[in-house]
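This is what each chain is made of:
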Amino acid sequence: MNFRKNLVLGCFVLISQLLSAQTADEIINKYFENTGGRDAWSKLTSMKSTAKVKTQGMEFPAIMLSKPMKQKISFTFQGMTMVQPAFDGTTGWQTNFMTMKAEKMEAEDNEITKAEVADFPDAFLRYKEKGYNIALEGSETVEGTDCYKIKLTKKPVMIEGKEEENSTVYFFDKENFIPIMTKSIIKKGPAKGKSSEAVFSDYQEVNGLMLPFTLDQKFEGQTQASIAIEKIELNVEIDDKEFAFPEGN
Amino acid sequence: MKQYIALILALTNFVILSAQKPIPLKSDEIFGAVRARQIGPAVMSGRVSDLEAHPTDSKIFYVAAAGGGVWKTNNAGVTFNPIFDKHTQCTGAIEIDPNDPDRTLWVGTGETWTRNSVSIGDGIYKSEDGGQNWKNMGLTRSERISNIIVNPKNSKEVFVGVMGALWGDSEERGVYKTTDGGLTWNKIFYINATTGCSELTMDPVNPAIMYAAFWEFRRTAYSFNSGGVNSALYKTMDGGKTWGRIHNGFPSGKLGRITVAVAPSNASIVYAVLETEKNEDKGLYRSDDAGASWKKLNGDFELVIRPFYFSRIVIDPKNPDIILKAGLQGYISKDGGKTFRSIGGGIHSDFHDFIFDPHDSNKIVVGTDGGVYRSWDGGTVWEMVKGLPLSQFYHVSFDNQKPYRVYGGLQDNGSWTGPSKQVGGIKNSDWVSVGYGDGFRVYPHPKDPNTVYSEMQGAENIWRVDVAKSQAKIIKPYAEDGDPKLRFNWNAPLSTSLHQPDRVYVGSQFVHVSDDKGETWRKLSPDLTTNDPKKQLQEESGGLSADNSGAENHCTVFTINESPLDKDIIWVGTDDGNVQVTMDGGKTWTNVTGNITGVPKNTWTYFIEPSNFDKNTAFVVFDGHTQNDMKPYVMKTTDAGKTWKSVVNDQIPVFARSIKEDLKNPNLWYLGTESGLYVTVDAGQNWAKFENNMPAVAIHYMALHPEENALIMATHGRGVIIIDDVTPLRKITEEAMEKELDFITVKPTVINESSSFQSFPAVGEYVGDNPTTSARIVYFMNKRHTFGKMTMEVFDENGYKIADLIPGKSKGINEVQWNYTLKPPKTAKGKTFTFGGFAAPTVPAGKYTVKINKGNKEFTQEIELKYDESSIHSLEDRKLKDEKGMELYNMMESLAYEVDKLDMLQKTAEEILPLLKDKKLAKQLNLQAYIKEIEALRSNLVITTGDNYVGAAEPQLREKIASLYGEVVGYAGKPSGAQMANLNLLKTRLTEAGAKVKTVVQKSDELNKQLLKAKIDKIIVATLNEKA
């Protein structure tokens, strides 16, 4: 009798577990659990990735540096380094391809970049403190894989003088609770309104954190560039000067 | 008992063994990288049913297309994004929530301009994120929604006018209201099952006041009726609780379609256009007391023309006396409706809707049967939007040119041919007109693509066109002595033969055949239709406004299809439901309709596909929508029509018009439905919707190109859409789906040798995508690869690795594209770029091995590159190019190495400078002079000043080599004599440079000896290796 009761109870628990809908926060918790734990993520102070970017048959080296509120992405073409872009906490800038000199971003772009840089070390870490909102928007199959759709909404940004929503949808693989794609709508420029996707794979462990080593950048579902990361260094010393706008260059 | 069980088991096994194993497909888990390609065109765009302007931001407006979905512009109509691709593309009403205009949008599906070829909707949709995601909010059986109005003071309160079913009775008609933002709906006003709400409009000041026009209407396959005693105009003053007729000043008798509009700037002024029993009563009525009384002002042609098709008035937001009326053209009044003038001369006719710019009434946008036009001067001159590929094809065919061309006819937009591929993309200007009027079926002569057959509505004309010489000869068949009147369908069957190149078929109630390209005709059949006289009264069609355009012609042959396996087997389907077949080239015909069960009587036989594998097998697609039956019917026979079996199931939610059986895999079929493409790989047991870049659009016809393995679709709203290579779909089997990774062999890749030319992007103009020219590496995976490395490398025949690619890691079908080049050479570092250095040499034709490493497993596949057989280059020319290109490639790298040495010498020498504290020693060594010498040499080898634009410095050796290198590898054929001579000269210069570098390096040895002696702990080095 007891056995049957336990069996029924067991089935009930199992079924209710299967049925219980995941909340957005539960998914994010599992994500952190499965990628090294919130503690390890919280202790992340800097990140340096060395990569090869492949696009239209070309391949060139790239280095990505990140610190809280600071970021720099630089590419090397024919031995020359182009920054595309950098942000030093207040000012965003990039190298002009013609003069190869640094130029500051337009004020609105600066604010958009600032909002992006604030994600470090991970958009979902302390997202409430950052003023972000998350919402589970159901399920969708991407990359042939059943995923939870979590919409992350940040504070609105100004686009051409008009306040607009700043959001990205993350697709978390239901099996591993790891994002395999993000999708956002291009906010500015001639492609405004079209979609831009980033697809993540080759997750590997680096000092206890699971990080993707391949990123495919897509436009309306078609790959534009792929980034193959060769090395990720965590908590390395990065001089603040690296990010600073090179005055008088 | 046991015996029975054994018998049942045996039988079950037998059934399983003898039938194709079912393969359930989850489309988003399997089709992966197989992606449809949209080629438009937008040269003639397509029918637009509704426009909606953002209430304050002039840059934003929306377009609802009759068959092409919803589009949004963010830049006042220069470019548009489709925002409704996942849902039915038949749309008719857009509403922007005035309380939240940047985010909350509503779309009503189903078109209200009820022509014969109109499609259907499936309810009301809402987006709360500016159109990125949509949710069906119900009213799924409404078929066509006329208006959606959000209470400007309360977003949760929404009113919807439902016009309802066109081909049958429906209780879904009426006015609906939600008070919870669309979660639940109440029908707040209903007349009867034949009379729907054709227009709903709200008072601009008081949301409790609304006007609703109700219309009694019905279409059958062979008739149309507009009007009846129930058509009326109603008004509510209490938010829809009670409604009263407001006909004071209207004529008595039956009414037809009514359009009503309230002036946004003065709620007392209301206009209505009436379709009435007496012709003299038809026209524009005006009320100056909010509908309490009416006065007829005007009965001009444009006001009364075809109310079922043109029934919209739009009033200037600021001036109640400026009125626009949609008609054959636009019609404008500036005196409150007393007098009008036409606008829109010189642009596409058949206007359906207008919007005014919210801030400047001179800026007007109009939606027509031929797309969207903008005027900046109040409607005098119009500019076409050339970026809306809404073309409504009825049919598509192809030729065997390389690249192949496609052919097809469009609703109200003629007949066209265009390329499947074009340098720089497929532009509007690449399409050539081969007919006029409404276009339908177009075929090239099978052996001579310069000869094209086309037709217009009701086969009023059938042409044989000499495309190059722009000659169109009318070749239609006529009734012969003793014949009854020939009855041609609006979309009359016309086709060439698979077996006899000069043969042409045309269908009236008879099959007509010509064996001399249309010069002479003979009847190949008796009347194959039901010839029901009750369905041939088109002169009486139209209701209150006679409308006998030929669109309702009935009891006609609709499809004529030869067996690809036997020239004497011809299948014929008729619009009144007959399926007829001849097995003897037309001598005798058998009506097999009676053998088909499960398909309602007289269901339109839309298409017949005789099998590619067995001559007694054929598929028939029946379309019941003109009998108000939206179910799909696809029947298959394997005994020439004696017995039939349905091959569709409830996975197909809507009616279909077209099926193709694959040319290689007999279990792979493609089904074109009214809402997208479905695919089965198990002979119809399971169907999956194909959605990769494929909108849920009506597919009227499909063709399979046997050489290209391409599925070409005629969509009625999104132009021609192609799946370039169906090979991966042919390989979907249960075994393949279970393997960790399984390569799919595709056709060898022809190396693209075309040069690139300057072309500035035509912003705003639609440019259709080209097929890829890259080599494709295709494989299945049974699970996505998310964790750990997965790599892909390409090796040449000698086993050298020549490329690293990033593999696709998706579950299902992956496709990786390789542009068959080496990596660009290492380039000497200078101050600026040398653009030739970005060029990468194309590898020669041959076999290459692709290796995927996944975990600890390796998967390999051979791929083949071929040269274009029609190329102007010989093998010897290409070989010479490859040799010289690689010689230059190596020269680039040699120079880079020499410059690296100089850079290192200079860098280490500069590091030593501050260590030389002893002035005597510093003077003796004179490192400054040495550094200067290095710099002088370096500046002869690479550019060391200037920028990448007009501040460019004089080219040095690097630039000269790189430029020649780029020229030689950038052309597929033989380098010129001058280039060869220049190569020899540069080779000499490079050797000289090498010698100079050597001298400088040697000098460092001498200096290093002295440094050693002086106990300086650092030496000058030329390469990192030497330092180590």
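Source: prediction; values computed, not measured.

A. View of the overall build of chain A. Helix and strand content of chain A: four helices and 13 strands. With the principal axes as the frame, chain A shows a C-alpha extent of 85 × 40 × 40 Å. The buried share of chain A, taken over its 249 residues, is 28%. In chain A, of all internal contacts separated by at least 6 residues, the share reaching a separation of at least 24 is 42%.

B. Broad picture of the domain arrangement of chain B. Residue and element names in this part refer to chain B. Here chain B is partitioned into domain 1 (46-85 + 344-388), domain 2 (246-339), domain 3 (749-754 + 765-866) and domain 4 (875-1027). Placing the centre of domain 3 and that of domain 4 at their C-alpha centroids yields a distance of 32 Å. Residue composition of the side of domain 3 that touches domain 4, by class: seven nonpolar, six polar and four charged.

C. Just helix α2 (residues 24-34) of chain A, in detail. Residue and element names in this part refer to chain A. The set of residues buried in α2 consists of Ala24, Ile27, Ile28 and Tyr31. Burial along α2 is one-sided: seen end-on, the buried residues are contained in an arc of 95°. Looking at the buried side of α2, the elements it contacts are β7 (133-142), β8 (145-159) and β9 (162-173). The first or second residue beyond α2 is Gly36, which carries a positive phi of 125°.

D. A look at the interface of chain A and chain B. With 33 residues of chain A in contact, the opposing surface of chain B contributes 35 residues. When residues of the side of chain A that touches chain B are traced back to their parent elements, those giving at least two are β2 (58-67), β10 (179-185), β11 (195-206), β12 (209-219) and β13 (222-234) of chain A. When residues of the side of chain A that touches chain B are assigned to their parent elements, the largest contribution, four residues, is made by β11(A). Residue composition of the side of chain A that touches chain B, grouped by class: 11 nonpolar, 14 polar and eight charged.

E. Representation of the pairing of β13(A) within the structure. Residue and element names in this part refer to chain A. Note: strand β1 (residues 47-55) against β13, eight bridges, orientation antiparallel. Bridged to Lys54 within β13 is Ser226. Across six bridges, β12 lies against β13 in antiparallel orientation. Paired with Phe219 across the bridge in β13 is Gln222.

Conventions used here
Residues numbered from 1 in each chain as written. Chains lettered and ligands numbered in written order. Predicted model: local features only at pLDDT ≥ 70, side-chain atom pairs only at ≥ 80, totals over all residues. Helix = DSSP H or I, 4+ residues; strand = E, 2+ residues; numbered from the N terminus. Buried ≥ 20, exposed ≤ 12 C-beta atoms within 10 Å, placed from the backbone. Contact = placed C-beta atoms within 7 Å. Domains from an automatic or database assignment. Nonpolar A, V, L, I, M, F, W, Y, C, P; charged D, E, K, R; others polar. Arc of directions from axis to C-beta. Pairing = 2+ DSSP bridges.

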